[in-house]
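Residues per chain, in single letters:
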Amino acid sequence: MGKLAVHALRAMLVGVFTGTLFLQALMVWALVGGKDPEDGSLPLTSLRVITILGMVSVQVAVVCVGRLVSMVRRGTVFSHAAFRYVDGVIGAIVSAALVWFAVTAVNAPGQRDDPGVTVIMGGLGMAILGVALIVYVLRTLLAQAVARDAEAAQMQAELAEVI
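We now turn to the structure provided with this report. Here the structure is a predicted model, which is why all the values come from computation and not from measurement. (Residues numbered from 1 in each chain as written. Predicted model: local features only at pLDDT ≥ 70, side-chain atom pairs only at ≥ 80, totals over all residues. Heavy atoms only, no water.)

1. Quick look at the overall build of the protein
Part 1 of the argument: What the protein contains, in helices and strands, is four helices and zero strands.
Part 2 of the argument: For the protein, the N- to C-terminal ordering of α and β elements is α-α-α-α.
Part 3 of the argument: Taken over the C-alpha trace, the protein has a radius of gyration of 21 Å; the compact-globule value for 163 residues is 15 Å, which it surpasses by more than 25%.
Part 4 of the argument: Overall, the C-alpha framework of the protein stretches about 80 × 30 × 25 Å when taken along its three principal axes.
Part 5 of the argument: For the protein, the residues scored as buried account for 28% of the 163 residues in total.
Part 6 of the argument: A fraction of 73% describes how many contacts in the protein between residues 6 or more apart in sequence connect residues 24 or more apart.
Part 7 of the argument: Summing over all exposed atoms, the protein offers an accessible surface of approximately 10400 Å²; the carbon and sulfur share of this is 71%.
Part 8 of the argument: Between the mean site of the 11 positive side-chain charges and the mean site of the 10 negative ones, the protein shows a separation of 10 Å. (Helix = DSSP H or I, 4+ residues; strand = E, 2+ residues; numbered from the N terminus. Rg over C-alpha atoms; globule rule 2.2 N^0.38 Å. Buried < 20%, exposed > 50% of the residue type's maximum accessible area, 1.4 Å probe, protein only. Contact = heavy atoms within 4.5 Å. Areas by Shrake-Rupley, 256 points an atom, 1.4 Å probe, with all protein chains shown as cover. Lys, Arg positive; Asp, Glu negative; His and termini not counted. Charge placed at Lys NZ, Arg CZ, Asp CG, Glu CD.)

2. Looking at the pattern of salt bridges
Part 1 of the argument: Counted according to the given criterion, the structure contains one salt bridge.
Part 2 of the argument: Across the pair Arg139 and Asp87 runs a salt bridge whose closest N-O atoms are separated by 2.5 Å. Residue Arg139 is located in helix α4 (residues 116-162), and its partner Asp87 is located in helix α3 (residues 81-107); the two are separated by 52 residues in the primary sequence.
Part 3 of the argument: For Arg139, a relative accessible area of 22% corresponds to the partly exposed category. (Salt bridge = Lys/Arg side-chain N within 4 Å of Asp/Glu carboxyl O.)

3. Examining helix α1 (residues 3-32)
Part 1 of the argument: Taking 1.5 Å per residue as the helical rise, α1 with its 30 residues ought to reach 44 Å, and the 43 Å between its terminal C-alpha atoms agrees with that figure.
Part 2 of the argument: For α1, the full list of buried residues reads Val6, Leu13, Thr20, Gln24, Met27 and Ala30. (Expected span 1.5 Å × (residues − 1).)

4. Description of the nonpolar core
Part 1 of the argument: Formed by 15 residues in total, the largest nonpolar core has its most connected members in Leu68, Met71, Ala82, Val86, Val135 and Leu142.
Part 2 of the argument: Counting only elements with at least two residues in this core, the list comes to α2 (42-74), α3 and α4. (Core = buried A, V, L, I, M, F, W, Y, C linked by side-chain atoms within 4.5 Å.)

5. Observations concerning the side chain of Gln24
Part 1 of the argument: Note on placement: Gln24 falls in helix α1.
Part 2 of the argument: Only 3.3 Å separates the side chain of Gln24 from the backbone oxygen of Ile52, close enough to count as a polar contact.
Part 3 of the argument: Side-chain polar atoms of Gln24 contact the side chain of Gln59, separated by 2.8 Å. (Polar contact = N/O pair within 3.5 Å; in protein donor to acceptor, adjacent residues only side chain to side chain.)

6. Quick notes on the environment of Val103
Part 1 of the argument: Relative to the helices and strands, Val103 is located in helix α3.
Part 2 of the argument: In this structure Val103 comes out as buried when scored by relative accessible area, which is 17%.
Part 3 of the argument: Taking the C-alpha atoms as reference points, Val103 and Val58, separated by 45 residues in sequence, lie 16 Å from one another.
Part 4 of the argument: In contact with Val103, not counting residues within four places along its chain, are Leu47, Ile50 and Met121.

7. Here we look at the environment of Val60
Part 1 of the argument: By secondary structure assignment, the location of Val60 is in helix α2.
Part 2 of the argument: Under the relative-accessibility criterion, Val60 is labelled partly exposed at 36%.
Part 3 of the argument: Counting along the chain gives 33 residues from Val60 to Ile93, while the straight-line C-alpha distance between them is 9.3 Å.
Part 4 of the argument: Apart from the residues lying within four places of it in its own chain, the contact partners of Val60 are Gly88 and Ala92.

8. Description of a nonpolar patch on the surface
Part 1 of the argument: A cluster of nonpolar side chains, Val28, Leu31, Val32, Val49 and Leu53, forms an exposed patch at the surface whose accessible area comes to about 420 Å².
Part 2 of the argument: With three residues, α1 is the largest single contributor of residues to the nonpolar patch.
Part 3 of the argument: In this structure, Val32 sits in helix α1. (Patch = residues over 30% accessible without salt bridge, like charges linked within 9 Å, V, L, I, M, F, W, Y side chains within 5 Å.)

9. Considering a positive patch on the surface
Part 1 of the argument: On the surface, Lys3, Arg10, Arg67, Arg73, Arg74 and Arg84 cluster together into a patch of positive charge.
Part 2 of the argument: Sorting the residues of the positive patch by element identifies α1 and α2 as the ones contributing at least two each.
Part 3 of the argument: The biggest single contributor to the positive patch is α2, with three residues.
Part 4 of the argument: In this structure, Lys3 sits in helix α1.

The values are spatial; any link to function lies outside them.
Given below as structure tokens:
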């Protein structure tokens, strides 16, 4: 991975992390002291809490991806330590899907006239879970690569003994 790509990715990750922190601060401010047009009605309050939780899942994913990028840059991504961060990304994506399903459930009563919106939102939640499955498949590929790397190192050590 080139230096330019690493710097661009890190800048994007910092921007996303900063943006989510800003959003969380706005949501907390709105919950505790802000004035809202609906006077703290339950759906709006619920959506604010769900937004805060959703931003936490994004932040976890950003931190894990940042750590993986550092491992790639150092050449240590093919190790067992990388699994912790990949598992963190998978967990963050699954929690984001659960948060999206919560948004769908809170929004559903307002969509009685047009239930298609709720169905579409549920489909988007399923798509988010599909992304988690794709990352899980990539985790399996990483496990195979780590095993092959260990096997290659062992074979190289045996070859060095022979020579």
